[in-house]
Amino acid sequence: MTNETEHEQVALMPVERSYDVRAKQIIAFNECRKAGGDLDDALGAAYKVALRYTPAPSEQPAPVAAVDLSELREYHADAVTRLNHYADDSGLRESDVKHYRKRAEFHTKQVALIDSLNPIQL
């Protein structure tokens, strides 16, 4: 005979992080702590509240956003210029210069990605 333990069934789903859900989580956490629950119990109560008050994925609207690629490209290009300017400042520590160069590299890649996109013609 094998020793089987019961496992709680779980499902992967996005959890909404709206202010309403967060407020309910905080209330559940505090109420559990006031009732004498330990930290693990309080965190579990907050998590269960988040699951209870999060709409099912089929009820959530699909995220859609219209983006002006030229503005987005300009934002990243300006960031590259600013970050390289900061990195060229002679008074910075080497670790700061590396940080600015790394961030500038990220924004440079974003500019290249935007340039490679073929926007849908409406």
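The structure this text deals with has already been given above.
*Asks:* So what about the pattern of salt bridges? Which residues, and what values?
*Replies:* Within this structure, the stated rule accounts for 5 salt bridges. For arginine 73, the salt bridge identified is with aspartate 115, shortest N-O distance 2.6 Å. With arginine 73 in helix α3 (residues 69–87) and aspartate 115 in helix α4 (residues 94–116), the pair connects residues that are 42 residues apart, well separated along the chain. In this structure, arginine 93 and aspartate 96 form a salt bridge, with 3.3 Å as the shortest nitrogen-oxygen distance. What makes arginine 93 exposed here is its relative accessible area of 56%. The exposure class of aspartate 96 is partly exposed, given its relative accessible area of 23%.

*Asks:* Describe the side chain of histidine 76, naming the residues involved and giving the relevant values.
*Replies:* Its location among the elements puts histidine 76 in helix α3. A distance of 2.8 Å separates polar atoms of two side chains, one belonging to histidine 76 and the other to histidine 107. Here histidine 76 is in contact with His107, Gln110, Val111 and Ile114, once residues within four sequence places are set aside.

Thresholds applied
- Numbers given to residues run from 1 along each chain, matching the order in which its sequence is written.
- Given that this is a predicted model, residues contribute local features only at a pLDDT of at least 70 and side-chain atom pairs are listed and counted only at 80 or more, while totals for whole chains, interfaces and linings are drawn from all residues.
- No hydrogens and no water enter the side-chain calculation; it runs on all heavy atoms of the structure.
- Here, a salt bridge means any side-chain nitrogen of Lys or Arg that lies within 4 Å of a carboxyl oxygen of Asp or Glu.
- Numbering of helices and strands runs from the N terminus; a helix is a DSSP stretch of H or I covering at least four residues, while a strand is a stretch of E covering at least two.
- Each residue is assigned to one of three classes by its accessible area relative to the maximum for its type, calculated with a 1.4 Å probe on protein chains only: buried under 20%, partly exposed between the two thresholds, exposed over 50%.
- Here a polar contact is taken to be a pair of N or O atoms separated by no more than 3.5 Å, where protein atoms must pair a possible hydrogen donor with a possible acceptor and residues adjacent in sequence count only if both atoms sit in side chains.
- In this description, contact between two residues means that some pair of their heavy atoms is separated by no more than 4.5 Å.

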